[in-house]
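# Coordinate inspection notes
One letter stands for each residue in the lines below.
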Amino acid sequence: MSQAKLSVNINKIATLRNSRGGNNPNLVKTALDCERFGAQGITVHPRPDERHIRYQDVFDLKDKIQTEFNIEGNCEEEKFVELVLKNKPAQVTLVPDVLGQITSNHGWDTIKHQNYLQDIIAKFREQNIRVSIFVDANVEMIEAAKTTGTDRIELYTEAYAKQFENNREKAILPYIAAAHKANELGIGINAGHDLDLHNLHYFAQNIPGLLEVSIGHALIVDALYLGLENTIQRYLYQLK
Ligand SMILES: CC(=O)[C@@H](O)[C@H](O)COP(=O)(O)O
Ligand SMILES: NCC(=O)COP(=O)(O)O
């Protein structure tokens, strides 16, 4: 039985909206519908090129969302830091993306960037914003995450997802080790990237202390075939 909450990442709803230049689908309406369908949080990842989530979307969503609002992004972008401090979401997830990446593809080096992370995390926590930092399932990175002052880590799950079909027992091992270390250190555990209806249940059942999964791409693709309400219910069922 997992206790993990489902935060729906609506980046790809914004991708569809932007593709025609209008406001269809309406992002705020879709976010509220996701909550009505059972989502326990909404995640957005505004990138500097605003390819999907725009900075204005964050302001439009902030006062309408009834569940937890999680803003992901690269805190090395001053505009992102200002956006988060102005909107004070329940959680900010710090992701070390570089410009032009097609998607997020690595976690923080919490050893190399220890001092930087300590400072930026303190800036958000001073405003009572819960901080999560995106990390690979690497025990050394989890150990160094402790002294950054972060509330949570988000385990980057692409490697797990890629290996799941061929060897789930092997794929999960680094994540179990990372989770045990995080629990030992008193760091909360989130997870995300490429989780889907096939690999989510096994992950959630094997990661002790998992608090939240943020899922976007696969969930929105599934919704094209299954409908958004049915899809969200199916993802929630995988977390039971
Ligand atoms: C950090 C992460 O893995 C995802 O949250 C990210 O938001 C995906 O970004 P795209 O939707 O731009 O691929
Ligand atoms: N932090 C992961 C997230 O928000 C969504 O990632 P994905 O499901 O779109 O790969």
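Residues numbered from 1 in each chain as written. Chains lettered and ligands numbered in written order. Predicted model: local features only at pLDDT ≥ 70, side-chain atom pairs only at ≥ 80, totals over all residues. Heavy atoms only, no water.

Attention now goes to the pattern of salt bridges. Here the structure, examined in full by the defined rule, presents ten salt bridges. Put simply, Asp57 and Arg17 hold a salt bridge, and the shortest N to O gap is 2.7 Å. Residue Asp57 is found in helix α3 (residues 55–62), and its partner Arg17 is found in helix α1 (residues 11–18); the two are separated by 40 residues along the sequence. Residue Asp97 pairs with Arg47 through a salt bridge whose shortest N-O separation is 2.7 Å. Here the residue Asp97 occupies a position in the loop between β4 (91–94) and α5 (114–125), and Arg47 occupies one in the loop between β2 (41–44) and α3, the gap between them amounting to 50 residues. (Salt bridge = Lys/Arg side-chain N within 4 Å of Asp/Glu carboxyl O. Helix = DSSP H or I, 4+ residues; strand = E, 2+ residues; numbered from the N terminus.)

Before going further, it helps to examine the site of ligand 1. Contacts to ligand 1 come from Asn9, Asn11, Lys12, His45, Arg47, His52, Glu72, Val95, Thr103, Ser104, Phe134 and His193. Here an oxygen atom of ligand 1 and a side-chain polar atom of Lys12 are 2.9 Å apart. Contacts to ligand 1 include His52, whose side-chain N or O atom sits 2.7 Å from an oxygen atom. When the free accessible area of ligand 1 is taken as 360 Å², the share hidden by the protein chains comes to 91%. Its residues assigned to classes, the shell around ligand 1 comprises two nonpolar, seven polar and three charged. (Near = heavy atom within 4 Å. Polar contact = N/O pair within 3.5 Å; in protein donor to acceptor, adjacent residues only side chain to side chain. Areas by Shrake-Rupley, 256 points an atom, 1.4 Å probe, with all protein chains shown as cover. Nonpolar A, V, L, I, M, F, W, Y, C, P; charged D, E, K, R; others polar.)

Turning our eyes to something else, we now look at the site of ligand 2. By nearness alone, every residue bordering ligand 2 is listed as Asn9, Thr43, Glu72, Glu154, Gly192, His193, Asp194, Ser214, Ile215, Gly216 and His217. Ser214 is positioned such that a nitrogen or oxygen atom in its side chain is 2.9 Å from a nitrogen atom of ligand 2. Residue His217 places a main-chain N or O atom 2.8 Å away from an oxygen atom belonging to ligand 2. Calculation on ligand 2 without its partners gives an accessible area of 310 Å², and the protein chains cover 93% of this total. Along the lines of polarity and charge, the residues of the shell around ligand 2 split into one nonpolar, seven polar and three charged.

What follows is about the nonpolar core. Judged by nonpolar contacts, the single largest core of 70 residues is most densely connected at Leu6, Ile10, Leu94 and Phe124. Ranked by the residues each element gives to this core, the list is headed by helix α7 (residues 158–185), at eight residues. (Core = buried A, V, L, I, M, F, W, Y, C linked by side-chain atoms within 4.5 Å. Buried < 20%, exposed > 50% of the residue type's maximum accessible area, 1.4 Å probe, protein only.)

On to α5. Since the α-helix turns once every 3.6 residues, residues separated by three or four places project in the same direction. Taking 1.5 Å as the rise per residue, α5 with twelve residues should run 16 Å; its terminal C-alpha atoms sit 16 Å apart, in good agreement. Among all positions of α5, only Gln114, Leu117, Ile120, Ile121 and Phe124 are buried. Buried positions in α5, seen along its axis, are confined to an arc of 135° and lie on one side of it. Counted as exposed and oriented over 90 degrees from the buried face of α5: Asn115 and Asp119. For α5, the secondary structure elements touched by its buried residues are α4 (78–87), β4, β5 (130–135) and α6 (139–146). (Expected span 1.5 Å × (residues − 1). Arc of directions from axis to C-beta. Contact = heavy atoms within 4.5 Å.)

The phi angle of most residues is negative, glycine excepted, and most peptide bonds adopt the trans form. In the segment running from Asn24 into Pro25, the intervening peptide bond is cis, with an omega of 0°. Relative to the assigned elements, Pro25 resides in the loop between α1 and α2 (27–36). Although it is not a glycine, Asn128 adopts a positive phi angle of roughly 60°. A positive phi angle, close to 105°, is found at His193, a residue other than glycine. Counting through the fold element by element, His193 comes out in the loop between β7 (188–192) and α8 (200–206). Taking the relative accessible area as the measure of exposure, His193 reaches 17% and is therefore buried.

It is worth spelling out the UniProt feature "binding site: 3-amino-2-oxopropyl phosphate" (unreviewed entry) in the chain at this point. Under the local residue numbering, the UniProt record ascribes the feature "binding site: 3-amino-2-oxopropyl phosphate" (unreviewed entry) to Asn9, Arg20, Asp194, Gly216 and His217. Look at the named residues: they lie 209 residues apart in sequence, and the longest C-alpha span between them is 26.0 Å, so in the fold they stay spread out. For Asn9, the position within the fold is in strand β1 (residues 5–9). Given the relative accessible area of 11%, Asn9 is considered buried. Sequence-distant contacts of Asn9, defined by excluding residues within four places in its chain, comprise Thr43, Glu72, Ile215, Gly216 and Ile220. There is a polar contact of 2.8 Å between the side chain of Asn9 and the backbone nitrogen of Asn11. (UniProt positions renumbered as here; feature names shortened; annotations may be inferred.)

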